[in-house]
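Architecture at a glance
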Amino acid sequence: MDVEDGIENHISGTALMFNVDPVVTARAGFTPQEVELDASAMLQGEPATPPVVMNDRSYTIRVQFPPAARRTLDSMKNTLLISGAGKTATIGSMATLTEIPARPK
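Heads up: these notes are all about the structure in this document. (Residues numbered from 1 in each chain as written. Predicted model: local features only at pLDDT ≥ 70, side-chain atom pairs only at ≥ 80, totals over all residues. Heavy atoms only, no water.)

Let us now look at helix 2 (residues 32–43). Between its first and last C-alpha atoms helix 2 spans 17 Å; for twelve residues at 1.5 Å apiece the expected length is 16 Å, and the two agree. Those residues of helix 2 that fall on the buried side of the exposure criterion are Val35, Asp38, Ala39, Ser40, Ala41 and Met42. After helix 2 finishes, the residue glycine 45 shows a positive phi value of roughly 90°. (Helix = DSSP H or I, 4+ residues; strand = E, 2+ residues; numbered from the N terminus. Expected span 1.5 Å × (residues − 1). Buried < 20%, exposed > 50% of the residue type's maximum accessible area, 1.4 Å probe, protein only.)

It is worth spelling out a nonpolar patch on the surface at this point. A contiguous nonpolar surface patch, about 430 Å² in accessible area, is contributed by Val52, Met54, Tyr59, Ile61 and Val63. Inspection of the secondary structure puts valine 52 in strand 3 (residues 52–54). (Patch = residues over 30% accessible without salt bridge, like charges linked within 9 Å, V, L, I, M, F, W, Y side chains within 5 Å. Areas by Shrake-Rupley, 256 points an atom, 1.4 Å probe, with all protein chains shown as cover. Salt bridge = Lys/Arg side-chain N within 4 Å of Asp/Glu carboxyl O.)

This next bit is on the environment of threonine 90. Checked against the element boundaries, threonine 90 lands in strand 7 (residues 88–90). What makes threonine 90 partly exposed here is its relative accessible area of 23%. Between the C-alpha atoms of threonine 90 and valine 35, which are 55 residues apart in sequence, the distance is 9.7 Å. If sequence neighbours within four positions are ignored, threonine 90 has contacts with Lys77, Asn78, Thr79 and Leu80. (Contact = heavy atoms within 4.5 Å.)

This next bit is on unusual backbone geometry. With an omega of -5°, the peptide bond between threonine 49 and proline 50 qualifies as cis. Of note in this structure, asparagine 55 is not a glycine but carries a positive phi near 55°. Inspection of the secondary structure assignment puts asparagine 55 in the loop between strand 3 and strand 4 (57–59). With a phi angle near 65°, aspartate 56 is a residue other than glycine that sits in the positive phi range. Within the secondary structure layout, aspartate 56 lies in the loop between strand 3 and strand 4.

Structural data, given as structure tokens:
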């Protein structure tokens, strides 16, 4: 009989690695920081500034890309981004996205 404690015997989730090419990114009119922020917003959301104030309470709103943009690796690669300067490019054209399989922790 195997006993698992749920702490040492669990599998981590799939991870994604974004390797941004700074030369291609600059040529497309983006900064690496913009691509990093967009990747983070795509996957986990980014806090919007300033916070919303209602009834004298401050609430931080998290902005996230729609679920379809992060459903598959291909949908992430093909997501169109807009730079602060108004340029457009897909994240897959500026970064290599690599899926790292789940593994035991």
